[in-house]
Each structure stands twice: as C-alpha cells, then as structure tokens.
Protein chains: 2
Amino acid sequence: MRLSDIGEFGLIRRFSPPFLRNLPAGVVGIGDDCAVLPWKGNAHLLVTTDMLIEDIHFIRVKAAPRDLGYKSLAVNLSDIAAMGGTPRSAFLSIGVPSDINVEWLDEFFRGIEGLARAENVRLLGGDTTKSPGPLVINIGVLGGVHPARVKYRSGAKPGNIISVTGFLGDSGAGLRVLIENRPLKGDEKYLVRQHHRPRAHLAEGAWLAAKEGVTAMMDVSDGIDSDLRRIMERSGCGASVDLEDLPLSAPLKRAAIKYGWNPFETAASGGEDYCLLAIVRPDRFGKIAAAFGRKFGRPLSKIGVITRVHEGLKYRLGGKPVTLKRHGFDHFG
Amino acid sequence: MRLSDIGEFGLIRRFSPPFLRNLPAGVVGIGDDCAVLPWKGNAHLLVTTDMLIEDIHFIRVKAAPRDLGYKSLAVNLSDIAAMGGTPRSAFLSIGVPSDINVEWLDEFFRGIEGLARAENVRLLGGDTTKSPGPLVINIGVLGGVHPARVKYRSGAKPGNIISVTGFLGDSGAGLRVLIENRPLKGDEKYLVRQHHRPRAHLAEGAWLAAKEGVTAMMDVSDGIDSDLRRIMERSGCGASVDLEDLPLSAPLKRAAIKYGWNPFETAASGGEDYCLLAIVRPDRFGKIAAAFGRKFGRPLSKIGVITRVHEGLKYRLGGKPVTLKRHGFDHFG
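Throughout what follows, the structure given in this document is the object of discussion. (Residues numbered from 1 in each chain as written. Chains lettered and ligands numbered in written order. Predicted model: local features only at pLDDT ≥ 70, side-chain atom pairs only at ≥ 80, totals over all residues.)

1. Describing the interface of chain B and chain A
Part 1 of the argument: Opposite the 51 residues of chain B that make contact, chain A presents 52 residues.
Part 2 of the argument: Secondary structure elements with two or more residues in the side of chain B that touches chain A: α1 (3–14), α2 (17–20), β1 (35–40), β2 (43–53), β3 (86–96), α4 (102–118), β4 (122–130) and β5 (136–145) of chain B.
Part 3 of the argument: For the side of chain B that touches chain A, the element with the most residues is β4(B), which contributes nine residues.
Part 4 of the argument: Counted by class, the side of chain B that touches chain A contains 26 nonpolar, 15 polar and ten charged residues. (Contact = placed C-beta atoms within 7 Å. Helix = DSSP H or I, 4+ residues; strand = E, 2+ residues; numbered from the N terminus. Nonpolar A, V, L, I, M, F, W, Y, C, P; charged D, E, K, R; others polar.)

See the structure below:
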C-alpha cells in the first residue's frame, strides 16, 4: 500500500496504538501539539519535535540561512505556545549536504541563536551528520506548563467560539509570492517575511491558558482547514467557519486583488501562520476577547463556532454554505 | 570554507559557544552522550537525539526494516546507558521517500516498538513527513538518572584504567561483510547481526554508574579511536591502548583470518559497537571488574590506561608503539 493512499494523518492513525498503550496518569502521547509528562509538582514537561526537509518544507535558495534557522526553532516554540507552556531548551539535529559551507551554517545558527536568546531558550544538544541529498533539520524543544493550565485539542464543545490570535494567510501568500516569482515590493516583502519569520504566539498562549473558559488550543501550522479537523477528531465535534470573519492583513487583501488570488482560501488553507486557534466558551468569549485586545493591542478574532460531530467542517460566506477548492496541507497527499 | 575542512568535531566546536553560555547549575549541554537537566530532587533528566540518514548511516536494501527500527532506538538508548541512566520515553521524526510503502513502515515500527517494550520505554510523539530523497530517521529519548550517579566524559584522570563492557569490532566487521558482499554463513551472520541489532548496555551502565571509582563513561559509537579522543578532550588527558587487550569475538577473529582483515584496526575504528567505555580508578578496578564478571557473566576488559594530556592517544602492540591506518568515523571527513 502506498503512503499517498492513506495520507499523513492516516499514517499517524495507523501507527498510533503502540504510542498510546499503557500511558500512566497525566501522560499525553501523540495527538496533540506536544507530549505532556508529569514533571515537578507545579509543572508538566512538554515535548515537541519537528522535522524540516529541503524541497518539502522550504526551498533553500529562496530562504536566507538566518531566516531558516529562526523558523526551524519558531515552529517548535509555536507547539509549546499551543499548550500554554514556556519553552526551556532546544535540541538540534542537522543533516548537511556537501554544497553547504561553514559560512552558511554560521548564519543558520545565528538565526536559531537569536530567537533562542530572545525567548530565553537554551540550546542544549543535538546531532550533526552529512546528508547525501536534501538539507534536513530536526529540532526538539522541552518546555514547562502549570498542570492546571495546560490546554489540549480535546476540550472543544458544541457552541464554543472558534477564535484566532492573529492574521491568517500571510505566510501562505508569502510562499505563493516566492513560488510565482513576484517582485518583492512592499506588500510582497511583508508577506514573504511572515512566511520566513513567523512569530510563535508564546505570550498569547500562556495568557489564554490561564483563562477559565478557553476549552482547547492548537497552533495554526497546516492551515485552519486541516488544523480544525484535528480539533474535531480529538474533541469529537464539528465546526462551522464564516470565511468573511477570517482576519486578513491589508497586504494580503491587496496582493489577492493584484494577483487574482482567493484570499479566503489562502487564509483557510495556506498554513504556517503559527498564530493560535483558541476555542472559548460563549459565555466567557466577550470578556476574554476584550481583555486580549487590551493586553495585546490586537483582536482575538471570532471565526466560527464548534458544532456537533455529524455536522463535520463547514464553511459559510455571507451566511451561505460554500466549499473550499484547496485543502490544508497533507505531506503525503 | 567547506565542512570537510573542519570535520564533524570541528563543526561541533565551532557552534558550541552559544550552546554552553549561561547554563544554570547542574545543566550540561553539548559535549557528552546526553544533555543533563536538573529535574526532580532525586532525578536528573537526560536528553539525547540521533539523526540517521539513508546511505550515510545505513544502506536500506541491506537492512530489514524491523532491524532498522530496532537500531534507530538502540543507538539512543546507548547514550542514556553511557550516563548511567534509565530511558523513559522516545520521540520519532521520520522523513519517508515515495518508494517506501506502508508494509515497510509496519515492520520498521515493529522494530522500534519491540525494543521500546523490552526496555520499558514509552513512544510519546514525533513527526512524519515526506522526503524527496533519502529516508531520514530522528529519534530523541528522555531518561532519568540519580544526580549522585550520573557519569560524564570529563572525569578521567591519568593512571585510571580504560575498560570496555563488551566485544569491539563485531559491528564494523558486520558492515564490512555487507559492503564486500560476503556470503552470510555462521560467523558472517553473527557479525551482521551485531551490526543490525546492537544491544544498548543499559544494565551495565546503571550498574557501573552506582560504583564509586568509575570516573567517566561513554558509549562506543564511532569506535574507540574516535570516542577516546572525546573523553581526552573533556577530561584533559591522554590515553594509551594495548591493542592485544581489545576484546575480540571468536567470529571476528575467524573472519579476520579468512578475509585478511586487521582485527585490531576493525576493533579500534569500526564503530557502532554500543558497548560502554568505562574509566575506572586503578585502586578500585580489580574489585569492580570481578563483581562485573559475577554480575554479567562476561569480563569488564581492561584495554589501556589514561595518561597525561601531552601524551595524546597512543597504541601499543606487544608493548611497542604502533599507528593505526584507519581512524574513527567522522561524518564530514
């Protein structure tokens, strides 16, 4: 059987059982943004790991090595943010092809180190090896979270509000700018920068995790079209999204008009935004969103509601049902 | 500057400073088999990660997928063994080329799962992605160790005995059997099996770590010729090895005669034996070696002594200085 027949999530489902067997109380294995292990009395340990492979996750000639280093760490920090945690230490494995030189690696490490220092993350180890083909980067991050505050994908309930902590689609549009070789002017530059230097919403995640009424969290990595399905699976629910409520940046709107892109599809399926999906009880949403706005100077944007499981994932535009042409990212699709 | 100009260990040295800056008390970053983090009062957390890339670390058509899964985990468990620790949980990232099918992955996971179950290690997470080129496997393992028992590479002192917990060279000879396409009869089969299914010396490591007088430990991954240099660097010492004291298995001796291999060079430079190098105070060695023999039914073999730093790494055969032709493995050499 070919992998493309079952897809990335089919593969994960197929190989999940041994990962989930005999877990002690409090331990969470695969199925969430991080694994969770009881640690000290006042802290759970969070563990996440991400593998980035050249020509699958990035195009080397299109990215500055410093940006690539930054992003390789940022995507892992985003997983920690999604659980409401604080990242502590990072481990880097790198497989280096022969056409990469020491100066390239200097810049790559500077990108990792700069972000690590800014977020107070210690680089504690890793592995280096030669690669006969693509550049391969694997980063693992350990973090901590208060046991009472850790947020899972599994807590969403019908009627809960679906919200996001930042713009959607900028990163996907930036990738499209690169692939279509668009000239890098103001808007295009902004979009490419969002693609190359995504910000992990660590402060937002920790703040939301401390709020009663936030029932589930996840980071937006594959695009909400894919990511919401993960929340639906884990929570046993459906979801209804109002496309006109997806928060779009002004540069994305202008680029969409200029190049004839569908901005809603880009926002729902582009992926790699690395803001957070926060699912919130409706009786608490108004207060939390207002406090979020005061705290972060930007809205916690409502984009839809959690529905019952048999409803599946539905999109609406102007109140009417619509279907998306593009779907969220599947590595084996 | 090309990576081959500075080599794997030059690369690690070049990028070490940010990894070693501002570490809190008790935290050990790169430079040992595992990173060490203070954890609970009675346990330090050990973290290790290894990246294996097709055609660099293994030849896919030469290895059964189940063996490859087993070995991918075993090499990480060996790092935990080298610190005297107990492995607890494992995280797998895998980059899968399109010519690998689901049945192959089934077998690969069975290999990981079988060893994980045997050693009571929980598989808690990871990442899956497509690879445009080689199969890429990254495993990270978390373990625990009693703070008073953790063993580092840095404790060796001149006059200490250098010993190993198992045969050297079997794995390197097994690889040579595969590369030279030798017929897989009894001895060859044994050697290839040692190459494909190395045993992490977890029980030996934990036992040795509890013994007063064991001053340093490390696992034999690149071959003692390379691995002893790591201990020398970290401990600020030299080493003198008596080649005739390297413990050789009967199959290795017979294969060396049959194929005209130098068994001492294979034993010193072959790598991937994954037994342990234990450095022991001379006044304690006799008692510890005798107890080791009773406990494990095999010798703790003395292979040389730690010397002063200016002596470097020296080999002797029949008491006379000799030089090795082959050297330990360097991924960028």
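After that view of the structure, there is still more to cover.
2. Points about helix α5 (residues 170–179) of chain A
All names here are of chain A.
Part 1 of the argument: In terms of burial, α5 is largely enclosed, as nine of its ten residues are buried.
Part 2 of the argument: Taken as a whole, α5 has its buried residues at Asp-170, Ser-171, Gly-172, Ala-173, Gly-174, Leu-175, Arg-176, Val-177 and Leu-178.
Part 3 of the argument: On the buried face of α5, the contacting elements are α6 (186–196), α9 (250–259) and α10 (263–269).
Part 4 of the argument: Asn-181, located one to two residues past α5, shows a positive phi value of around 55°. (Buried ≥ 20, exposed ≤ 12 C-beta atoms within 10 Å, placed from the backbone.)

3. Some words on the sheet that holds β1(B)
Residues and elements named next belong to chain B.
Part 1 of the argument: With mixed pairing, the five strands of this open sheet are ordered in space as β1-β2-β5-β3-β4. Of all the strands in the sheet, just β1 and β4 have a single pairing partner and so form its edges. Averaged over all neighbouring strand pairs, the angle between strand axes comes to 20°, with direction disregarded.
Part 2 of the argument: Across nine bridges, β3 lies against β5 in antiparallel orientation. In the strand pairing of β5, Ser-89 is matched with Leu-142.
Part 3 of the argument: Contacts between helix α3 (residues 65–82) and the sheet are confined to β2, β3 and β5, with β5 contributing the most and set at about 30° to the helix. (Pairing = 2+ DSSP bridges. Axes fitted to C-alpha atoms, helices over the stretch in contact; angles between N-to-C directions.)

4. A word on the environment of A:Lys302
All names here are of chain A.
Part 1 of the argument: Take Lys-302: it is sitting in strand β10 (residues 301–307).
Part 2 of the argument: According to the C-beta neighbour criterion, Lys-302 is partly exposed, with 18 such atoms within 10 Å.
Part 3 of the argument: In sequence terms Lys-302 and Thr-266 are 36 residues apart; their C-alpha atoms lie 18 Å from each other.
Part 4 of the argument: When near neighbours in sequence (up to four residues on either side) are disregarded, Lys-302 contacts Ile-161, Ser-163, Asp-245 and Phe-285.

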